[in-house]
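# A closer look at the structure
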Amino acid sequence: MIKSHDRSYYIGASDTSYVVGNWTTKSFEKWWGEKLGIYSNDFTNVYMQAGTFLEHRILDALNIPNLEKDKQIIRGRLRVNLDGSTKDTVYEVKTHGTDKPFKVSKAYREQVYIEMYAFGYKKAYIVSYGLTDADYNNFYLPIDLKRLDLHPIEYNEEFIRDVYIPRFDYLSDCLDKGVFPKWNSQEL
């Protein structure tokens, strides 16, 4: 469960889509401003609040022995917070509406790759939980195991080594210097 929403000066696993995406967009510019501490993003809504509030209860419903919650690691400018983990497996919780089936997005998959990389794990699951209108109106309803699914994510060494790390290292250097990164896809 996220306690501090200050995301400046560190790059998190949930930032992976910015690290590997297009750096010439307005959304990247705004995100980079948050990293430099120029802007802050206090946006929240009931969907985000429900996901944050229910995260521990969803993990508890899995009944996984020795599951730890809210583990954090900082490696240079990389700061990764795990929703849940055992000694060798990541559990990343994602809530969604029940109006359509949950699909593991590219951004979610890449986020989990970086969580595994940061902790040195080779196993991970995205834990999806479908929320109904009643859940959004009452965060204390019991967890319905029929709406809970585990999606295995395989470690992707090639993505980490060839795509993520070169860009992350460059962005870390830019963050250390307090400058805006230059986009040159041929060099990265």
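Anything mentioned here points back to the structure above.
To start, this report covers the structure provided alongside it. Just so you know, these numbers come straight off a predicted model, no measurement behind them.

## Points about the packing of helix H4 (residues 106-119) against helix H6 (residues 157-177)
Between H4 and H6, the shortest axis-to-axis distance is 11 Å and the interhelical angle comes to 95°. Considering the angle they form, H4 stands roughly perpendicular to H6. Contacts between H4 and H6 involve Glu110, Tyr113, Ile114 and Tyr117 from the first element and Phe159, Ile160, Tyr164 and Ile165 from the second. Within the contact of H4 with H6, the residues separate by chemical class into seven nonpolar, no polar and one charged.

## Comments concerning the sheet that holds strand E1 (residues 68-75)
A sheet is described by the order of its strands in space; here five strands give the open sequence E1-E2-E3-E4-E5, paired in mixed fashion. Only two strands of the sheet have a single partner each, and these edge strands are E1 and strand E5 (148-154). Sheet twist, expressed as the mean angle between neighbouring strand axes with direction ignored, is 35°. Pairing geometry for strand E4 (residues 123-131) and E5, over seven bridges, is antiparallel. By the bridge assignment for E5, Tyr125 is matched with Pro152. Strands in contact with helix H3 (residues 46-61) are E1, strand E2 (78-85), strand E3 (89-97), E4 and E5; relative to E3, the strand with the most contacts, it is inclined by about 135°. The sheet strands contacting H4 are E1, E2, E3, E4 and E5, and the helix crosses E2 at an angle near 100°.

Analysis parameters
- All residue numbers refer to positions counted from 1 along the written sequence of the respective chain.
- This being a predicted model, a pLDDT of at least 70 is required before a residue's local features are given, and a value of 80 or more before pairs of side-chain atoms are given or counted; all residues contribute to the totals for chains, interfaces and linings.
- Remark: hydrogens and water are excluded; side-chain values derive from all non-hydrogen atoms of the structure.
- Axis geometry follows a simple rule: fit a line to the C-alpha atoms, using only the stretch in contact for helices, then measure angles between N-to-C directions, giving values from 0 to 180 degrees.
- Helix and strand assignments come from DSSP, with helices taken as H or I runs of at least 4 residues and strands as E runs of at least 2, each series counted from the N terminus.
- Roughly parallel covers angles under 35 degrees, roughly antiparallel covers those over 145, roughly perpendicular covers 65 to 115, and oblique covers all other angles.
- Any pair of residues with heavy atoms lying within 4.5 Å of one another is described as a contacting pair.
- When residues are grouped by polarity, Ala, Val, Leu, Ile, Met, Phe, Trp, Tyr, Cys and Pro land in nonpolar, Asp, Glu, Lys and Arg in charged, and all others, Gly among them, in polar.
- Two strands are said to pair when DSSP picks up at least two bridges between them.

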